[in-house]
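What the coordinates show
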Amino acid sequence: FARMFVQVCLYFYCKCLWRCLKFVVRKLTGQCELQRICYNTKPGAARTMKIEASLKGSKSKRLQTSVNVHPDAIEKTIDDIMELKRINPDINPQLGVSLQACLLQIVGYRNLIAEVEKLRREPYDSENPQHEEMLLKLWKCLKPNSPLKARISKQWCEIGFQGDDPKTDFRGMGLLGLYNLVYFAEWDTEIAQQVLSDSLHPKYREVTKKELSQLSKAEYEKKKFDKAIGYSFAIVGINITDLAYNLLVSGALKTHFYNVAPEAPTLTHFQQTFCYLMHEFHKFWIDEDPLDIMEFNRVREKFYKRILKQLQNPEMALCPHFAASESLINM
């Protein structure tokens, strides 16, 4: 009963009191909600997300659908919003500019999801020359001094695939997994090669007295040799692609993209985010110091929650540290 009462109160507040409050504030300030947001909130995720919520929560269908227009129709949509809200564009020129920037980000995010989803759904086809070319480029970028002896080869295990033909490992994420791995290896080559090397060669570590007192003999025998338990680089890359995909479709990455992309976020922004997540996960994996690879899902889930928590901050931008993101730093 208490839950139902709270829900009824919230519904009444949202549908009645909130609209009345907005009406009163507009009369007192002479500005609609969109104006107050644009004039009182600095550019970035905080502003864009407030604009998005305001448009979606409007009682006007024209405003609700404005977040779903084609990018080419954004300018006309701005004119329609100004007309509907009775705002003189000559007196409020900056409002139109701010709304346009926000709508470009909102519409661009939706289109990015569609583009990423299309790649995810496209299976790897070994009969497609473009797919094969990308796969071979991945090898050349990661192992430039070790020529691939054959297309079907156990050598693929050296970069973290499960068998002698990588195409079977792309089933979960389709071409999206390959696109991300190739981008990481091509544009952030030094870090990609270092992460691969670390994943293949776990480092010896000293176990402290405190750790020794807390470990069984079997755990000690495992842990004393591992600072970074080895993992399959390519398989983890596909798994982190899945993590990035979930962050995208859930809307969690809006905070990051709205802060780093001045206009519409693109596939390149998504791939740069993947590079960041790969590097950060690698450091996180080392810090977690798992007993064995069977702890992968636990570590991944903990990492995912940490990223989610960071993205709850409207000021958050996943710090680009790698060469592929230098262009973002200057934007």
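Residues numbered from 1 in each chain as written. Predicted model: local features only at pLDDT ≥ 70, side-chain atom pairs only at ≥ 80, totals over all residues. Heavy atoms only, no water.

Looking at an unreviewed UniProt entry, one finds the chain named ELMD1 protein, with Campylorhamphus procurvoides as its source organism.

Before going further, it helps to examine the environment of Q194. Positionally, Q194 belongs in helix α9 (residues 189-200). Accessibility expressed as a relative area gives 43% for Q194, which makes it partly exposed. In this structure the C-alpha to C-alpha distance between Q194 and L142, which are 52 residues apart in sequence, comes to 9.4 Å. (Helix = DSSP H or I, 4+ residues; strand = E, 2+ residues; numbered from the N terminus. Buried < 20%, exposed > 50% of the residue type's maximum accessible area, 1.4 Å probe, protein only.)

Counting across every chain of the model gives 15 aromatic pairs. Considering the side-chain rings of F184 and F274, the 6.2 Å spacing of their centres and the 90° angle between planes classify their relative orientation as edge-to-face. Taken together, the residues span a long stretch of sequence, with F184 in helix α8 (residues 174-187) and F274 in helix α14 (residues 267-288) at a distance of 90 residues. Classification of F184 as buried rests on a relative accessible area of 0%. Residue F274 is classed as buried on the basis of its relative accessible area of 0%. Judged by centre distance (5.4 Å) and plane angle (80°), the rings of F281 and F303 are edge-to-face. Of this pair, F281 sits in helix α14 while F303 sits in helix α15 (residues 296-311), placing them 22 residues apart in sequence. This pair shows no difference in class: F281 is buried, exactly as F303 is. Taken together, the ring pairs in this structure connect Y231, F281, F284, W285, F296 and F303 into an aromatic cluster. (Phe/Tyr/Trp six-rings, centres within 6.5 Å; stacked < 30°, edge-to-face > 60°.)

Once that is clear, we can look at the packing of α8 against α9. Any two packed helices are characterised by the angle at which their axes cross and by the distance between the axes. In the contact formed by α8 and α9, the axes pass within 5 Å of each other and the chain directions differ by 110°. As the angle between them shows, α8 and α9 are arranged roughly perpendicular. On α9, the residues that touch F184, A185, E186 and W187 of α8 are T189, I191 and A192. Among the residues forming the contact of α8 with α9, the class breakdown is five nonpolar, one polar and one charged. (Axes fitted to C-alpha atoms, helices over the stretch in contact; angles between N-to-C directions. Parallel < 35°, antiparallel > 145°, perpendicular 65-115°, else oblique. Contact = heavy atoms within 4.5 Å. Nonpolar A, V, L, I, M, F, W, Y, C, P; charged D, E, K, R; others polar.)

Here we come to the packing of helix α7 (residues 129-142) against α8. Their axes nearest at 9 Å, the elements α7 and α8 cross at an angle of 35°. For the pair α7 and α8, the crossing hand works out as left-handed. Between α7 and α8, the residues in contact are Q130, H131, M134, L135, K137, L138, C141 and L142 and L175, L178, Y179, L181, V182, A185 and E186, respectively. In terms of residue class, the contact of α7 with α8 is built from 11 nonpolar, two polar and two charged. (Left-handed = near helix turned anticlockwise from the far one by under 90°.)

Attention shifts here to the nonpolar core. With 85 residues, the main nonpolar core has I51, L138, L178, L247, F270 and L277 as its most contacted residues. Per-element tally for this core: the top contributor is helix α6 (residues 93-121), with 11 residues. The residues that make up this core include at least three from each of domain 1 (33-120) and domain 2 (124-326). What L178 contacts, discounting residues up to four positions off in sequence, is Y124, H131, M134, L135, L138 and F170. (Core = buried A, V, L, I, M, F, W, Y, C linked by side-chain atoms within 4.5 Å. Domains from an automatic or database assignment.)

This brings us to α15. Given a rise of 1.5 Å per residue, 16 residues ought to cover 22 Å, and the 22 Å separating the end C-alpha atoms of α15 matches this to within 8%. All of the buried residues in α15 are F296, V299, R300, F303, Y304, I307 and L311. Within α15, the buried residues cover an arc of 135° as seen down the axis, which keeps them to one side. Counted as exposed and oriented over 90 degrees from the buried face of α15: K305 and K309. Residues of α15 that are buried in the fold lie against α12 (233-249), α13 (254-260) and α14. (Expected span 1.5 Å × (residues − 1). Arc of directions from axis to C-beta.)

This next bit is on a nonpolar patch on the surface. Together, F1, F5, V6 and L10 make up an exposed nonpolar region whose accessible area comes to about 500 Å². With respect to the helices and strands, V6 occurs in helix α1 (residues 2-29). What makes V6 partly exposed here is its relative accessible area of 45%. (Patch = residues over 30% accessible without salt bridge, like charges linked within 9 Å, V, L, I, M, F, W, Y side chains within 5 Å. Areas by Shrake-Rupley, 256 points an atom, 1.4 Å probe, with all protein chains shown as cover. Salt bridge = Lys/Arg side-chain N within 4 Å of Asp/Glu carboxyl O.)

On to the pattern of salt bridges, then. Tallied over the full model, the rule gives 17 salt bridges. Put simply, E288, E295, R298 and K302 are held in one network by salt bridges that share partners.

Moving on, we get to the environment of A185. Looking at the secondary structure, you find A185 in helix α8. Between the C-alpha atom of A185 and that of W139, which follows or precedes it by 46 residues, the distance is 8.8 Å. When near neighbours in sequence (up to four residues on either side) are disregarded, A185 contacts L138, C141, L142 and A192.

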